Structure formats: structure tokens, C-alpha cells
Amino acid sequence: MVKSSHFLLLNLLLSVHYLMYYSLATDINTDRSSLLALKSQITSDPSNILNKNWSTEASVCSWFGVTCDFLLNRVTQLNISNMGLVGTISPEIGNLSSLVSLDMNDNSFHGPLPVSIFNMSNLEVLSLRNNSLSSSLPLDMCIHNLDKLKILRISYNEMYGNIPSSLEHCSQLEYLSLYNNKFDGIVPRELGNLTKLQTLNIGANKLTGEIPKEIGYLTNFERLSMCCNNISGSVPRELGNLTAMVGIYLHNNTLSGPIPKELGRLVNLWELQLKDNILINGSIPKEIGNMTSLSYLRLSNTTLSGTIPKEIGNLKHLKELWLHDNNLNGPIPSAIGNMSELDYLVLPHNKLIGEIPSSICDLRLLTLLHLADNHLEGQIPKCLGNFNSSLLALNLGGNQITALQSTFAKGCSLQALILYGNKLEGITPSLINCQRLESIDFGDNEIRGAFPFWMETFPQLRVLILRSNKLNGTMLEASKTEHPFPKLQVLDMSRNAFVGALPDRYFKNFEGMIYAKDNLTRVEKDRLQTYYDLDVILKGLDQELKRLLDTFTMIDLSSNRFSGNIPVSIGNLNSLRYLNLSSNTLTGEIPVSLGNISILESLDLSWNRLSGKIPSDLTGLTFLSKLNLSMNNLVGPIPQSKQFSTFQNESYIGNLGLCGFPLAKQCETTDGKPMIPPEDDDEESGFIDGFGWRSVVMGYGCGFAVGIGIGYMIIRSARPKWLVEFFIGVGYSNSKMKRRNRAKATRRRR
């Protein structure tokens, strides 16, 4: 009996073991089939890993990117991120029912996101960032499954539709990122029920409506990003309840109203971005000084007004302060000197007044000081020249600064010095110690004296703007500098009083305009965009140069008193894009070598005394979009080419010896006959270019009317007699004699 019982128990155990083994084998086979179905939809595997490794001959648990639970004998994790895979996601992926983590980031999967993914009840991490997936999210997601989901990351795709309110049922959700997709509609207020949510990133979509105040009740909340949408309404004061918050990113929306003073409670906040909401108004709340953990404060490009509160000096850990493009007024508070860790101080385009506080000298880590386009006055603090190792850019342009008294010491790290539009009368010679300078802009000041030849030794200088000052003398001087201005790409000396010949020596050595290459890194270009706020004359228009690319090149020597010929050497500057020598007293012919500057886009030689013909070599300048040769003494036919046919009369007026299209004046051929100009339906040229057909018709019309009137008076009065007889003939005389005889007979009868 005992033996029989043992035998039955053994059979039972064997049966259970067999059933379990069969079940597990079936499950792992299901997982294998699901992964092979996924593999079959991948059209490109650059590293050829899946093709080689995902083989039926090997255990699925040994495949690349696959992790199994050996107790359950199931696939629990799949990580095939950053492999450059191209294809679609097969619906069979939903059969991986034991999957806990799915990571397919940074590939090129496209097409819809299979609904079956949202049926995996054990899934905790779903990360599909940076693909090209395109579909909407199921409106009922999280209602039946995904109750264990903690991380949902579908950013940088092409997903669309509304954000489902059913997300509130993913009660374990801690991280939700739908950034940079095409979601539209409103932000569901039901997201306020996700009590474990720490990060919500739904920026860079097409969302509208207001920020749900319910978000302000998420006690574990740390990061809120809704930037770059079309969200309106006010910033909810309830956000002040989120004392664990470290980052608020609400920039680039249409938010309005004041900044809630309740945000001052966020003592752990590290970054606050409300910039580019032009309807945010009111003053900066003084409570912002309570946010003592703040490192980055960006409130630029709104309509904030009032003064900068002195309490801002309490932010001793602040690294970047961006308040530009507002309506802030009053002085810069001296308490700003308490922010000892400040790196960027950016306050341009406001209405700030007074002097720059001397306390700014306490900011020993300052890299960028940008206070342009305010109403600041007085002198620049001397101490700024002592920031040898930190200060890289100083931009005080567009103020009323009267003196730069700073003495720049050796080892100066300054890379950009922008002081345009002030009342400066001189340039401190100590600037010679700043050998790392890349940009100097002293334009639109009252600087007198000679050209600063000592600047030609700057090895990194790329931009030199001294336009609209009172500089005089020549730009020619014997120098021992073998390669002056070796990297210069922008030279603007316009609107001064320079005399003499053009600086031929510089034209021969401007290597930056001969071998310009776009070799700046993205970081360097971003830095240039941040630092430089340059005004240059491009194609005859004042334009702000926001991004100075490495290939931008320009020479502007216009509105001076330069004389003599244009040097042939200027044709060596084959990377030059803009050349303006207008409004001088240059003579001689246009050098043929200008045709060598193949990428030239703008050429202005107007208002000089140039003579001779227009070189036909200029027709090879296929990038030329602006040409002005007016008001010179040029003669001969205008060269014809596809590019030259785009220029109108304005390019040539004031050259009475020129002929040919587009002027009305025709050129004569060698046999003395006029050349037939090309057909042109444009308006006739001005008087200075000759008479067009409208002028001729008007002349004939006026002459005809005047002639009729004069003829009538001549005939009426019969004077002068010889002219009347010439046109009317002898018959007129006979009839006149008959009238006289009748008149005499009548008098006799009376």
C-alpha cells in the first residue's frame, strides 16, 4: 500500500514537471517567434548583428540585446537601442507577455506603433525615443493593461493625435516624455492624478489650451516641460506647491499675465525658463530671491517691466541670468555683485539706466557680460580689464558710454569686444594684450585719429568694425608684420575720413578672405551667436548679423576719401562675398581681376570716378545678386549674360557713356548701325539713360497741341506774312486782296 502511494506521488510529480516543462518550452518558443517576426520587418541592419546573432540554432536567451528570466524561461528585457536599425515594429512584439523593459531608442523604426505593445501587463519601461514612428496613442491605453508601467518615453518621433486622458490609469508612472512629436489638443487635467509622476516632458508639440492647475498637486513632481507649444493662459500659482521641483520649462508658448510670486517657494528649483512668452507681463517678483538653489533663470523676450529687484542678489548659485528683450527699467542693482558664481549676465534690449555698478567687478567667474541697447551711461568700470582668465565677451553696444578706462592686462582672455553706438572718443592701447580677440566693433562712436595699425598683429581677429567714426589719414603704413590680419573676414571702415590709396598690402595678405572654410564646430557657432551682436552693411541694407559663419567675408571701405586705382590684388580674395568701395574718389578702370572672386554676392563701386569699360569677366560671377556701378564715368556696352540680365537701370545710371540692355541707349555696331537691344517689357529707364518711347510720345503729343495753337494764331492774325503764304499758298493772297477791295467799296457807299 505504501509502495503504491509512493508510485502515485512520483507519477504526479513527473506529470507536473512535464507539464511545466512543456509550458515553459511553449512560452520560450512564442518569444522566439515574436523576435523573429520583429527581425523579419527590419530592412537595414548596418552592423549585421541581428542577421548573424539572432539565429534559430542558438538559444533565444543568448541573442544580442535579449535578457531572460531563467526561472521562468521567458524573455524579460529587449534592448536593441542605438543600432541604426531601419524597419517597422511587428505586431507580434505584443506576444512577449513577460517583457519588463523594451528599449528601441535611437534607430529608424517607422510606421505605426503596434497596439499590441500596450497589452503587455508586465511592462515597466517602454522607451522608443528618436525614431520615426507615426501613429496616435490608443485612447484607452492603461485602462486594461500597463498598470506596472513606470517609464514611457516616445520622444523625437512623429506621433500625432491627442494625449489620452486614460494615462491616469498608469498609476505607477514616474516618467512621461512625449517631447518633439505632433501631438495636438489640450493637456489632459487627468495627468494630475498620477501621484507618482516625477517628470512630464510634452514640449515641442502642437498642444493648446492652458496648463492644468491639477499638476500643482503632484507632490513628487520634479520636472515640468511644456515648452515650444501654443499653450496659453497664465502660469498656475499652484506650481508653487511643488517644493521638490528642480526644473520648469514653459518657454516658447503664448502664456500671459504676471509671474506668480508663489514660485518663490520652490527653494529646490534649479532652472526656470519662461522666455519667449511675449504676453507675460508685470514685474519680476521679489520673491524670486527666495529660490536660492536656482542656477539658470531665463525670462527673456517677454514684456516684463519695472526694475530688477535687488533680492535677485540672493541667488548666490546662479550661473546664467537672461533678461534680454524686455521693458525693464531703472539701474542695474548693485546686489548683482553677490552672485559670485555667475557665468552669463545677459540684459540687452531693455531700458536700463545709470552707470554700470562697480560691484560687477566681484563676479570673478563672469564669461559673458551683455548689456547692449539700453540707456547706460558713464564709464566702463576699470576692473573689467582684470578679468584675465574668465571674461570672454563684453558687449555694451548701443548705450551712452563715454569712456573705456579699463586697462587690459597681459593674458587677457577677451574674445569679443562690442562697443558700437556709444560716445567713445578713443581706443585703449592696452587692448593689444588681448591677443585672443576674434571680434572688435567700435562702430558708430566718435573715435578720432589714425587707423589702429597695431591691431593687425591679432592672430585670431575675424571681425573689425570701426565704421561711422572720425578716423582719418591713410590705411597705408610700412609695417614689419609679415602677415597682417591673418584671419580677418569682416573689415568695415565705412563712413570715416580716410584718404590716399586703398590698402593694397592688406588685400594681398587677408588669408581669411582667400582660404575661408566652414570649420567651426557647432559649439563654436552657438558661442558666436551668443556673443556677437554685429551690425554690418549687407547688400546696401543694415542687417543684424546673428550668426557669423566661418565662410562669411566682407570689405566695406565706402564713404571715405580714398583715391587712385582699385588694386589688382583685390582679385586674390577669392572667398570674398561682399565688397563695397562706393562714395570715394577712385579712378582708373575696374580691374579685370574682380572676375576671379567667383563667390562674390554683392559689388558696389558707385559714386566714384571710374572710367573705361565694364570688364566682361564680371559676367562669370554667377552668385552676384547686387551690382551697383552707378555715378561713374564708364563707357561702352554693358556685358550681357544670364546673371547681368537680372540687374536694372539703377545699377548703371550716371554713366553717360554706357549703352545696351537694360538702358534705353543703344550701342552702335562697327558699321555704324545701332545694335538691336533685347526685348524688354520693363518700365522705361530714367532721363539720365536717354529717352524711352513714353518720353517720345509725350513729346510728340505736346508738340502737336502747341503747334495747333500757334498755327491758329498765325492764321488768325496773318502774321508773319511770309510764313502764312508759305503754308497757305498764293490763294490766300488773292482772297485777302478781294476782301480788301470789298471793304473799300463799302466805305465809299457809306
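Residues numbered from 1 in each chain as written. Predicted model: local features only at pLDDT ≥ 70, side-chain atom pairs only at ≥ 80, totals over all residues. Heavy atoms only, no water.

### Re the overall build of the chain
Stated formally: Only runs of H or I of at least four residues qualify as helices and only runs of E of at least two qualify as strands under DSSP, and these elements are numbered from the N terminus. Here the term buried applies to any residue with accessible area under 20% of the maximum for its type, exposed to any over 50%, and partly exposed to those in between, with areas from a 1.4 Å probe on protein chains only. Only heavy atoms enter the contact rule, under which two residues are in contact if any of them lie within 4.5 Å. A 1.4 Å probe and the Shrake-Rupley method give the accessible areas. Residues count as covered only by the protein chains that appear here.
Along the backbone of the chain there are seven helices and 47 strands. Buried residues in the chain amount to 49% of all 750 residues. Considering only residue pairs separated by 6 or more positions, the chain has 53% of its internal contacts joining residues 24 or more positions apart. Accessible surface for the chain amounts to roughly 35200 Å². Of this, 53% is attributable to carbon and sulfur atoms.

### Some thoughts on unusual backbone geometry
The amide bond that connects phenylalanine 661 to the next residue, proline 662, takes the cis arrangement and shows omega of 10 degrees. Within the fold, proline 662 resides in the loop between strand E47 (657-659) and helix H5 (693-717). One non-glycine residue, asparagine 82, lies in positive phi territory at about 55 degrees. Assignment of secondary structure puts asparagine 82 in the loop between strand E3 (74-79) and strand E4 (86-88). By relative accessible area, which is 61% here, asparagine 82 ends up exposed. Phi is positive for histidine 349, which is not a glycine, with a value near 60 degrees. Relative to the assigned elements, histidine 349 resides in the loop between strand E24 (344-346) and strand E25 (351-354).

### Concerning the state of the cysteines
Heads up, the condition is: By disulfide we mean two sulfur atoms from cysteines, separated by a distance within 2.5 Å.
Taken as a whole and assessed by the stated rule, the structure comprises five disulfides. Linked covalently through their sulfurs, cysteine 412 and cysteine 434 form a disulfide whose S-S length is 2.2 Å. Across the S-S bond linking cysteine 412 and cysteine 434, the dihedral sits near 90 degrees, which makes this disulfide right-handed. Of this pair, cysteine 412 sits in the loop between strand E29 (400-404) and strand E30 (416-418) while cysteine 434 sits in the loop between E30 and strand E31 (439-441); the two residues are 22 residues apart in sequence, bridging distant segments of the chain. By relative accessible area, cysteine 434 is classed as buried at 0%. Ordinal numbering of bonded cysteines along the chain defines a disulfide pattern of 1-2, 3-4, 5-6, 7-8, 9-10.

### A look at the pattern of salt bridges
As a reminder, the rule being used: Basic side-chain nitrogens of Lys or Arg form a salt bridge, by our definition, when they fall within 4 Å of a carboxyl oxygen of Asp or Glu.
Scanning the model with the defined rule gives twelve salt bridges in all. The residue arginine 298 makes a salt bridge to glutamate 320 at a minimum N-O spacing of 2.7 Å. Pair noted here: arginine 298 is in strand E20 (residues 296-298) and glutamate 320 is in strand E22 (residues 320-322), with a separation of 22 residues, a long-range link. For the salt bridge of arginine 467 with aspartate 492, the shortest nitrogen-to-oxygen distance reads 3.6 Å.

### Overview of the pairing of strand E46 (residues 633-637)
The criterion, for reference: A strand pair is defined by DSSP finding two or more bridges across the two strands.
In the sheet, strand E44 (residues 611-612) pairs with E46 via two bridges, with the strands oriented parallel. Its bridge partner lying in E46, serine 611 is registered against asparagine 633. Direction of pairing for E46 relative to E47: parallel, over a ladder of three bridges. If you follow proline 637 over to E47, its bridge partner there is cysteine 659.

### Structural notes on the sheet that holds E25
Taken in spatial order, the five strands make up an open sheet running E21-E23-E25-E27-E29, and their pairing is parallel. Every interior strand has two partners, whereas the edge strands, strand E21 (305-306) and E29, have only one. Across four bridges, the pairing between strand E27 (residues 375-380) and E29 is parallel. Of the residues in E29, the one forming a bridge with isoleucine 380 is leucine 404.

### Observations concerning the side chain of asparagine 277
To keep it simple, the criterion reads: Any N or O atom pair separated by 3.5 Å or less is treated as a polar contact, with the protein-specific requirement of one donor-capable and one acceptor-capable atom, and with residues adjacent in sequence counted only for side-chain atom pairs.
Mapped onto the elements of the fold, asparagine 277 is located in the loop between strand E18 (271-273) and strand E19 (279-280). Within the structure, asparagine 277 has its side chain in polar contact with the backbone oxygen of leucine 274 (distance 3.0 Å). For asparagine 277, the residues in contact, after removing those within four places along its chain, are Leu250, His251, Asn252, Asn253, Thr254, Leu255, Asn301 and Thr302.

### What about the environment of glutamine 198?
Relative to the helices and strands, glutamine 198 is located in the loop between strand E12 (182-186) and strand E13 (199-201). Along the chain, glutamine 198 and glutamate 174 lie 24 residues apart, while their C-alpha atoms are 5.2 Å from each other. Once you skip the residues sitting within four places of it in the chain, glutamine 198 turns out to touch Glu174, Asn220, Phe221, Glu222 and Arg223.

### Considerations on the nonpolar core
Convention followed: To define a nonpolar core, start from buried Ala, Val, Leu, Ile, Met, Phe, Trp, Tyr and Cys residues and group those joined through side-chain atoms within 4.5 Å.
Core analysis: the largest hydrophobic core is formed by 174 residues, its most contacted members being Leu321, Phe442 and Leu464. At the level of elements, helix H1 (2-40), strand E2 (66-69), E3, E27, E29 and helix H3 (504-507) are the ones that each hand at least two residues to this core. Leaving out residues up to four positions away in the same chain, leucine 321 has contacts with Leu297, Ile312, Ile336, Met339, Leu342, Tyr344, Leu345, Val346 and Leu347.

### Focus: the sheet that holds E47
Strand order in the open sheet made by the three strands is E44-E46-E47, with parallel pairing throughout. Single-partner strands in this sheet number two, and they are E44 and E47.

### Here we look at the confidence of the model for the chain
To be explicit about the condition: pLDDT is defined as a per-residue confidence score from the predictor, taking values between 0 and 100.
Looking at the chain, the pLDDT average stands at 84 and 81% of residues meet or exceed 70. Here residues 14-25 is a poorly scored stretch, pLDDT under 50, and it has three contacts once near neighbours within four places are set aside; other chains count. Per-residue pLDDT stays below 50 along residues 533-548; that stretch engages in 64 contacts with residues further than four places along the chain or on separate chains.

### Quick look at the pairing of E12
Two elements, strand E10 (residues 160-162) and E12, share three bridges in a ladder whose sense is parallel. Counted as the bridge partner of tyrosine 160 is lysine 182 from E12.

### A look at the packing of aromatic side chains
To describe a pair of aromatic rings, you give the distance between the ring centres and the angle between the ring planes. The line we're drawing: Aromatic rings from Phe, Tyr and Trp, taking only the six-membered ring of Trp, are treated as a pair when their centres fall within 6.5 Å; an angle between ring planes under 30 degrees marks them as stacked, one over 60 as edge-to-face, and anything in between as tilted.
Under the defined criterion, the tally for this structure stands at 15 aromatic pairs. With 6.2 Å between their ring centres and 80 degrees between their planes, tryptophan 454 and phenylalanine 458 make a pair best called edge-to-face. Classification of tryptophan 454 as partly exposed rests on a relative accessible area of 28%. Taking the relative accessible area as the measure of exposure, phenylalanine 458 reaches 0% and is therefore buried. Among the aromatic residues, those joined into a cluster by ring pairs are Phe451, Phe453, Phe485, Phe498, Tyr506, Phe510 and Phe562.

### Side note on the environment of leucine 137
In this structure, leucine 137 sits in the loop between strand E8 (132-133) and strand E9 (151-153). With near-sequence residues (within four places) excluded, leucine 137 lies in contact with Leu113, Phe118, Ile154, Met159, Tyr160, Pro164, Leu178 and Phe183.

### A look at the environment of threonine 367
Within the secondary structure layout, threonine 367 lies in the loop between E25 and strand E26 (368-370). Sequence separation between threonine 367 and aspartate 343 is 24 residues, and the spatial gap between their C-alpha atoms is 5.2 Å. At 2.4 Å, the side chain of threonine 367 forms a polar contact with the side chain of aspartate 343.

### A closer look at the side chain of glutamate 320
Given the relative accessible area of 12%, glutamate 320 is considered buried. Those residues within four positions of glutamate 320 in sequence are excluded, and the remaining contacts are Ser295, Tyr296, Leu297, Arg298, Leu342 and Tyr344.

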